[in-house]
Amino acid sequence: MNRMQQDFSNREQQPTRLNKYLSENGVCSRREADRLIEAGRVTVDGKPAVSGQKVLQHQQILVDGRGVTKETEMILLAVNKPRGIVCSSKSQGGDTTIEEFLHYPKRIYSIGRLDKDSEGLLLMTNNGEILNKIMRAGNFHEKEYLVEVNREFDEHFLRDMAEGVWLSELSVRTRPCRMERVDKRRFRIILTQGLNRQIRRMCSELGYRVVALRRERIMNIRLGHLKTGAWRKVTNTEMEELYDLIRDSRG
């Protein structure tokens, strides 16, 4: 058992905030758990749960009258998401969700999102703590993308992207990032934040349109030669390194 799996196992013996417990066991995010608790849809040992409540693994916890299954093994998958698949937990307008596409036998959810028109690396897990530590923008974890735009760009474009772009729709300036030219219309970009459709919005502000976008790396985990639509379990070596990277991260 590696350190990350051991850490996951050791938490069974400690009191855990109820919203965190629901997140770690694949029910929903912490924020959604708070909403369920406030709506009176969660009970602990037959009594209505309250916000901020702490629980132990042996207690009976129900959501809408259904028991929460304790996860004894942490799952972390690397998925090559195809275009046309959405990362939301519920389908909207008939779109296929990533959960429906994978048909994984246990409840898992994505760490961050790729929009419908984007493809590439997506991490899927049943561990809400890992999700929160990777996704929190304040932890400055890297994500790398290969991007193609609709026309040739110059060095001014690379510089402007790297220095940060004012996004008028969101009223925010993006963080400085790393840019590297691949050819006349393609570049690599490394971000430490994840604003909604950030790369597409950055390019649009500078007069370009993204025609292809693939995420190739999240922190130390790379897409590599994983085929489109395929998935693999994150290796023990990758998990050990990931554990070191998030050890001091806020969740």
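Refer to the structure printed above.
Here is a short report on the structure shown in this document. (Residues numbered from 1 in each chain as written. Predicted model: local features only at pLDDT ≥ 70, side-chain atom pairs only at ≥ 80, totals over all residues. Heavy atoms only, no water.)

## Focus on the sheet that holds strand β6 (residues 66–67)
Step number 1: Overall, antiparallel pairing links the 4 strands, which are arranged β3-β2-β5-β6 in an open sheet. Each edge of the sheet is formed by a strand with only one pairing partner; in this case those strands are β3 (47–48) and β6. (Pairing = 2+ DSSP bridges. Helix = DSSP H or I, 4+ residues; strand = E, 2+ residues; numbered from the N terminus.)

## Notes on helix α5 (residues 128–135)
Step number 1: Within α5, 7 of the 8 residues are buried, leaving the element largely enclosed by the surrounding structure.
Step number 2: Taken as a whole, α5 has its buried residues at Gly128, Glu129, Ile130, Leu131, Asn132, Lys133 and Ile134. (Buried < 20%, exposed > 50% of the residue type's maximum accessible area, 1.4 Å probe, protein only.)

## Looking at the environment of Glu241
Step number 1: When you line up the elements, Glu241 lands in helix α8 (residues 236–246).
Step number 2: Residues Glu241 and Glu142, 99 residues apart in the sequence, show an inter-C-alpha distance of 14 Å.

## Notes on the packing of aromatic side chains
Step number 1: This model, assessed by the stated rule, comprises 5 aromatic pairs.
Step number 2: Look at Tyr104 and Trp231: their rings are 5.4 Å apart centre to centre, the planes differ by 80°, and that puts the pair in the edge-to-face class. Linking Tyr104 in the loop between α4 (98–102) and β8 (109–111) with Trp231 in strand β17 (residues 231–233), this pair joins segments that are 127 residues apart in sequence.
Step number 3: Judged by its relative accessible area of 36%, Trp231 is partly exposed.
Step number 4: Arranged with centres 5.6 Å apart and planes meeting at 65°, the rings of Phe157 and Phe187 form a pair that is edge-to-face. Of this pair, Phe157 sits in helix α6 (residues 155–163) while Phe187 sits in strand β14 (residues 186–191); the two residues are 30 residues apart in sequence, bridging distant segments of the chain.
Step number 5: The exposure class assigned to Phe157 is buried, which follows from its relative accessible area of 3%. (Phe/Tyr/Trp six-rings, centres within 6.5 Å; stacked < 30°, edge-to-face > 60°.)

## Topic: the nonpolar core
Step number 1: Formed by 32 residues in total, the largest nonpolar core has its most connected members in Phe157, Met161, Phe187, Ile189, Ile199 and Cys203.
Step number 2: Going through the elements one at a time, β7 (76–81), α4, β9 (119–125), β10 (143–149), α6, β14, α7 (198–205) and β15 (210–218) are the ones with two or more residues in this core.
Step number 3: In terms of nonpolar packing, the next biggest core, distinct from the first, is built from 19 residues, Ile111, Leu223, Leu226 and Ile246 among them. (Core = buried A, V, L, I, M, F, W, Y, C linked by side-chain atoms within 4.5 Å.)

## What to know about unusual backbone geometry
Step number 1: Positioned with a positive phi, His103 is a non-glycine residue whose angle comes to about 55°.
Step number 2: With respect to the helices, strands and loops of the structure, His103 is situated in the loop between α4 and β8.

## A word on the pairing of β9
Step number 1: Among the 7 residues in β9, 7 count as buried, and that is most of the element.
Step number 2: For β7 and β9, the ladder comprises 6 bridges, and the chain directions are antiparallel. Residue Val79 lies in a different strand from β9, and its bridge partner there is Leu122.
Step number 3: Sheet analysis places β8 next to β9, joined by 3 bridges and oriented antiparallel. The residue of β9 that forms the bridge with Tyr109 is Thr125.

## Quick word on α7
Step number 1: Taken across its 8 residues, α7 has 6 buried, putting it largely inside the fold.
Step number 2: Inspection of α7 places Gln198, Ile199, Arg200, Arg201, Met202 and Cys203 among the buried residues, and these make up the whole buried set.
Step number 3: For α7, the secondary structure elements touched by its buried residues are β10, α6, β11 (166–167), β14 and β15.
Step number 4: Directly beyond the C-terminal end of α7, a positive phi value near 90° is found at Gly207. (Contact = heavy atoms within 4.5 Å.)

## Observations regarding the state of the cysteines
Step number 1: Per the counting criterion, the structure on display carries 0 disulfides.
Step number 2: As a non-bridged cysteine, Cys177 has Cys203 as the owner of its nearest cysteine sulfur, 9.8 Å distant. (Disulfide = S-S within 2.5 Å.)

## Things to note about the environment of His58
Step number 1: Tracing the sequence through the fold places His58 in the loop between β4 (54–55) and β5 (61–63).
Step number 2: Along the chain, His58 and Tyr21 lie 37 residues apart, while their C-alpha atoms are 12 Å from each other.

## Comments concerning the side chain of Asn220
Step number 1: On the secondary structure map, Asn220 appears in the loop between β15 and β16 (221–222).
Step number 2: Engagement of the side chain of Asn220 in a polar contact is seen with the backbone oxygen of Glu238, the distance being 3.0 Å.
Step number 3: Other than its neighbours up to four places away in sequence, Asn220 contacts Glu238, Glu241, Leu242 and Leu245. (Polar contact = N/O pair within 3.5 Å; in protein donor to acceptor, adjacent residues only side chain to side chain.)

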